[in-house]
Amino acid sequence: MRGSDVLVAYSRGAGFDPEVVVGTLGETVELTTCADADGDGDVDIVLVGGGRALVLANVAGAWIPSAPIAIGALEPTGVELADVDSDGVPELVVAGADGRTVVAPTSGGAAACYWAPRAARFVDVDTDGDLDLVGFGDATFELLRGRRFAAPRDGRVVQYGAGVAGTGGFVPLLGAHGPVRLDAHDAEVVLVGALGGAELYVAVTTEDWILDVDPLTVGPIVASGACRFLATKASGPVGEPGVGRWSYAIEYVPGLVGRTLHAQAFLEDRGAPGGLARSNRIAVTYGR
């Protein structure tokens, strides 16, 4: 990099050709990465700086600049490409020093912004086939969001928030498989990483704020019908950390089309603060 310019020195066996300018951002380049941004099998160059980004697409050896991609006024600390929405086209992911992580389509369109501790990246941490936004801070590990979008009528599954670790330091992880629509029959909620054989309670509600209420004092809310608890047990050897699992088939209810249900699992675990381990939360929006 030289100011706002990108220079490439092509390798010719034992040496390199003189460097040449292949593109310019128009702002001082703060970060760059090289990856296949357009899915054609070639390596492209991504530039970040001055509140925007630019993709230099490698087209038969020529470097074709994209339209500028707005990422907002943040101090970038990391950049990568990841197919966040599972549509086969990678998105630009830029982590900021103030805790913001911006996700922007490389083909144009509005960017989304998430808060994450320190730095963040997209990884499929729960092996459910979609990418999760994971933040790494001071001795912390926080799952912020996992998303699956297939088609507009398929509904949506979102993982968010952080759980509370139990025995052995394992944090129960709650997720869901879709699509959630009338003619699909394999949608389910899945909990992994639980204490084996633990008693668990899954709160389900249409109002996310209810999950902030102390579960020991939530009785009046349950009585009002605003929250429902599913009482069950985790599988696995009793008392074995991290091996417990639980799943529940999502029933399609036509009256819930377009509505969102929030859920969180609570497990009886003496190794957790107050004897209660907690999963992250999920939001399931019903499609058609």
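Residues numbered from 1 in each chain as written. Predicted model: local features only at pLDDT ≥ 70, side-chain atom pairs only at ≥ 80, totals over all residues. Heavy atoms only, no water.

S.K.: In this structure, what is going on with the overall build of the chain? I would like to understand it.
M.R.: For the chain, the helix and strand inventory stands at 1 helix and 24 strands. In the chain, which comprises 288 residues, the proportion classed as buried is 43%. Expressed as a percentage of contacts within the chain between residues at least 6 apart in sequence, the contacts between residues at least 24 apart total 47%. With the model as given, the accessible surface of the chain reaches about 14000 Å², and the carbon-plus-sulfur share is 55%. (Helix = DSSP H or I, 4+ residues; strand = E, 2+ residues; numbered from the N terminus. Buried < 20%, exposed > 50% of the residue type's maximum accessible area, 1.4 Å probe, protein only. Contact = heavy atoms within 4.5 Å. Areas by Shrake-Rupley, 256 points an atom, 1.4 Å probe, with all protein chains shown as cover.)

S.K.: Help me out: how do you make sense of the pattern of salt bridges in this one?
M.R.: Close approach of charged atoms allows side chains of opposite charge to pair. Under the defined criterion, the tally for this structure stands at 3 salt bridges. For Arg 281, the salt bridge goes to Asp 208, with nearest N and O atoms at 3.3 Å. One end of the pair, Arg 281, is in strand β24 (residues 276–285); the other, Asp 208, is in the loop between β20 (199–205) and α1 (219–223), and 73 residues separate them in sequence. Taking relative accessible area as the criterion, Arg 281 reaches 13% and is therefore assigned buried. (Salt bridge = Lys/Arg side-chain N within 4 Å of Asp/Glu carboxyl O.)

S.K.: Is there a simple way to explain the sheet that holds strand β19 (residues 188–194) in this structure?
M.R.: Strand pairing in a sheet relies on backbone hydrogen bonds. The paired strands run either parallel or antiparallel. Taken in spatial order, the 3 strands line up as β18-β19-β22 in an open sheet, and their pairing is antiparallel. Looking at the sheet topology across the chains shown, the edges are occupied by β18 (173–177) and β22 (244–249). For this sheet, the mean inter-axis angle between neighbouring strands, taken without regard to orientation, is 15°. Note: β19 against β22, 5 bridges, orientation antiparallel. Within β22, the position partnered with Glu 188 by the bridge is Ala 249. (Pairing = 2+ DSSP bridges. Axes fitted to C-alpha atoms, helices over the stretch in contact; angles between N-to-C directions.)

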